[in-house]
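# Geometric and topological summary
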Amino acid sequence: MKISLVLATLGRDQDVQVFLESVRRQTYQNFELVIIDQNQDGKIDGIVGPFKSCMELRHIKVNFTGNARARDYGIGFAKGEIIAFPDDDCAYETDVLEKVVAEFARRKGLSILVAGSYDLASSRFSIGVNSRKAHYFSRFQMMGVEFTQFFDLARIDRKQFYLDHDFGIGSKYSGGEGFELLYRLLRIGSAAFYTPDIKIYHPDKDHYQLGTARMLMYSTGVGAYIRKFANQRDAFILYYIARKMFIAPFLKMLLALVLLNRKKLSFSFYNLVGVWRGFLAYGSQHTV
């Protein structure tokens, strides 16, 4: 099976080189890399060039910005049976692609495979939703984050396989594009499996010790995608309204108060503010 890796990038250079090195060392080599380059200054030209001789690589420059839009554009160039959207600051363990192909071959009918996200080490998880246990999952507990998701194009509804341009960095709502896509595919019955044995490395930038601005920005995307499906009268989204907009943030703030952890309290508060901000903003700008 051929794998298409669609990498949208803007503003990074050395991180891109780290990722390229990680895919060059893959034990499974039947893949292509499609780079959607949103830089206007040739920032990564010198980095990408040397890798063209050792892998199937397309370097496509665009005159627009927006992570979801760039990834969606890259889908049109993908020739593989499996597609993924790595971040431009992540790196793959050497056997990631080999294990991805093996899982899809082993699990007949599997549409979506989600890997574990690790904080530049094999023992500690990074961003996204992770677990020590491999398992199938549904809308009740969506796993991973967008750069850990792999899709078998033969086993999903291609009409539903797109990135909503309203979500993600550089868009109206600066997060949530991966979960919006995942929710949409799970809603129509796509089978999804998570395994921590496939390791993708990404720095943990969402920890509360790094500040609240990032949490506020990304959580607006969460609130917005919840409102998107609420506008569609999706009864199941009531579960996420209760969980993400009431129960979880208030419990986290209560725990922070008990522990007298002011940073964690602030982080949880701005998470709540961001979710509600995105929920209300999306509702005022979109109709059913």
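Before any of the text, the structure's been laid out above.
Overview of the structure. (Residues numbered from 1 in each chain as written. Predicted model: local features only at pLDDT ≥ 70, side-chain atom pairs only at ≥ 80, totals over all residues. Heavy atoms only, no water.)

## Here's the deal with the packing of helix H6 (residues 213-231) against helix H7 (residues 237-259)
- Viewed as axis vectors pointing N to C, H6 and H7 meet at an angle of 155°, and their least axial separation amounts to 9 Å. Here H6 is positioned roughly antiparallel relative to H7, judged by the angle of their axes. Crossing of H6 over H7 shows left-handed handedness. Touching Val222, Tyr225, Ile226, Phe229 and Ala230 of H6 are Ile237, Tyr240, Ile241, Lys244 and Met245, all from H7.
- Classifying every residue of the contact of H6 with H7 by side-chain character gives 9 nonpolar, no polar and 1 charged. (Axes fitted to C-alpha atoms, helices over the stretch in contact; angles between N-to-C directions. Helix = DSSP H or I, 4+ residues; strand = E, 2+ residues; numbered from the N terminus. Parallel < 35°, antiparallel > 145°, perpendicular 65-115°, else oblique. Left-handed = near helix turned anticlockwise from the far one by under 90°. Contact = heavy atoms within 4.5 Å. Nonpolar A, V, L, I, M, F, W, Y, C, P; charged D, E, K, R; others polar.)

## As for the pairing of strand S1 (residues 3-9)
- Along S1, 7 of the 7 residues are buried, which leaves the element largely enclosed by surrounding structure.
- Burial of S1 is two-sided: the residues Ile3, Leu5, Leu7 and Thr9 facing one way and the residues Ser4, Val6 and Ala8 facing the other way are all buried. (Buried < 20%, exposed > 50% of the residue type's maximum accessible area, 1.4 Å probe, protein only.)

## Focus on the side chain of Thr195
- Tracing the chain through its elements places Thr195 in strand S9 (residues 192-201).
- A distance of 3.1 Å separates the side chain of Thr195 from the backbone nitrogen of Asp197, its partner in a polar contact.
- Discounting residues that sit within four places of it in the chain, Thr195 has contacts with Glu103, Leu113, Val114, Ala115, Gly116 and Ala134. (Polar contact = N/O pair within 3.5 Å; in protein donor to acceptor, adjacent residues only side chain to side chain.)

## Details of the environment of Leu260
- Mapped onto the elements, Leu260 comes out in the loop between H7 and helix H8 (262-285).
- Judged by relative accessible area, Leu260 falls into the exposed class, the value being 75%.
- Spatially, the C-alpha atom of Leu260 lies 34 Å from that of Asp89, the residues being 171 residues apart in sequence.

## Overview of unusual backbone geometry
- Not every positive phi belongs to a glycine, and Arg233 is a case in point at roughly 60°.
- Among the secondary structure elements, Arg233 is positioned in the loop between H6 and H7.
- A positive phi angle is found at Leu260, which is not glycine, with a value near 55°.

## Brief notes about the side chain of Ser117
- Relative to the helices and strands, Ser117 is located in strand S6 (residues 112-118).
- A relative accessible area of 0% places Ser117 in the buried class.
- Reaching out from Ser117, the side chain makes a polar contact with the backbone oxygen of Ile127 at a distance of 3.2 Å.
- With sequence-adjacent residues up to four places away left out, Ser117 is seen in contact with Arg124, Phe125, Ser126, Ile127, Asn130, Phe147, Thr148, Ile200 and His202.

## Details of empty space enclosed by the protein
- Considering all chains together, one arrives at 1 cavity of 30 Å³ or more under this definition.
- Volume-wise, the largest cavity comes out at about 30 Å³.
- The wall of the largest cavity is formed by Arg71, Phe85, Glu146, Gln149, Phe151, Leu163, Gly178 and Leu181.
- Counting residues per element, the ones that place at least two in the lining of the largest cavity are strand S8 (149-152) and helix H5 (177-187).
- Looking at side-chain class alone, the lining of the largest cavity contains 4 nonpolar, 2 polar and 2 charged residues. (1 Å grid on protein atoms, 1.4 Å probe; cavity = no way out; pocket = protein on both sides within 12 Å on 5 of 7 lines; lining within 4 Å. Points joined across faces, edges and corners; volume = space filled by probe spheres on them.)

## A closer look at the packing of aromatic side chains
- Inspection of the entire model under this criterion finds 25 aromatic pairs.
- Ring plane angle 45° and centroid distance 6.2 Å describe the contact between Tyr183 and Phe236, whose orientation is recorded as tilted. With Tyr183 in helix H5 and Phe236 in the loop between H6 and H7, the pair connects residues that are 53 residues apart, well separated along the chain. This pair shows no difference in class: Tyr183 is buried, exactly as Phe236 is.
- One aromatic cluster is present, built from ring pairs that chain together Phe140, Tyr183, Tyr225, Phe229, Phe236, Tyr239 and Tyr240.
- The ring of Phe64 carries Arg69 above its face, with NZ or CZ at 4.0 Å from the centroid.
- Arg107 extends its terminal NZ or CZ atom over the ring of Phe193, reaching a point 3.6 Å from the ring centre. (Phe/Tyr/Trp six-rings, centres within 6.5 Å; stacked < 30°, edge-to-face > 60°. Lys NZ or Arg CZ within 6 Å of the ring centre and 35° of its normal.)

None of this, on its own, says anything about what the molecule does.
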